[in-house]
Amino acid sequence: MKASSSRRAVRMGDQIMREVGTLLVEEAADPRLQLVTLSGVRMNANLRIAEIFYTVSGDEEHRKEVQTGLEKATGFLRSRLGRNLKLQFTPELRFVFDDFLEDVVYGKSTQTD
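Residues numbered from 1 in each chain as written. Predicted model: local features only at pLDDT ≥ 70, side-chain atom pairs only at ≥ 80, totals over all residues. Heavy atoms only, no water.

As annotated in an unreviewed UniProt entry, the protein carries the name Ribosome-binding factor A and comes from Pseudodesulfovibrio portus. Quoted verbatim from the Sequence similarities (unreviewed entry) field of UniProt, the annotation for the protein is "Belongs to the RbfA family." Among the UniProt annotations of the protein, the heading Function (unreviewed entry) holds the following wording: "One of several proteins that assist in the late maturation steps of the functional core of the 30S ribosomal subunit. Associates with free 30S ribosomal subunits (but not with 30S subunits that are part of 70S ribosomes or polysomes). Required for efficient processing of 16S rRNA. May interact with the 5'-terminal helix region of 16S rRNA." (UniProt positions renumbered as here; feature names shortened; annotations may be inferred.)

## Examining the environment of Ser4
When you line up the elements, Ser4 lands in the segment before helix H1 (7-26). For Ser4 and Arg42, which are 38 residues apart along the polypeptide, the C-alpha to C-alpha distance reads 7.5 Å. (Helix = DSSP H or I, 4+ residues; strand = E, 2+ residues; numbered from the N terminus.)

## Concerning the packing of aromatic side chains
For any pair of aromatic rings, geometry is given as the distance between the ring centres together with the angle between the planes. In total, this model carries one aromatic pair according to the counting rule given. Ring geometry for Tyr54 against Phe97: centres 5.7 Å apart, planes inclined by 75°, an arrangement best described as edge-to-face. In this pair, Tyr54 sits in strand S2 (residues 49-55) while Phe97 sits in strand S3 (residues 92-97), placing the two residues 43 residues apart along the sequence. Taking the relative accessible area as the measure of exposure, Tyr54 reaches 1% and is therefore buried. The ring of Phe89 has Arg48 lying over it, and the distance from NZ or CZ to the ring centre is 3.9 Å. Taking the ring centre of Phe89 as reference, the NZ or CZ of Arg78 above it sits at 5.7 Å. (Phe/Tyr/Trp six-rings, centres within 6.5 Å; stacked < 30°, edge-to-face > 60°. Buried < 20%, exposed > 50% of the residue type's maximum accessible area, 1.4 Å probe, protein only. Lys NZ or Arg CZ within 6 Å of the ring centre and 35° of its normal.)

Below is the structure:
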């Protein structure tokens, strides 16, 4: 996916992150989606795909459960997003685990000594 850094893409990404965060807190009934933190949204060049980065505490198994829950809720989130933001075209939502903070805090490195 070729990411866009235009002002429109950044503004739309901010709106999507705010709205999806609100929907997860107020309307998502799935217990797997509790305590999920959205850390950013990256839009592609034609604004058709939104990659939503999230973090969640817990082990690898819990992360997989959260990813499954987010993928299952994608249709609900996308329909509500389109209705609430009144978009002509609602982008496809893709959820990506954001391990950047974990790498910084815990010092995980992909390099070998």
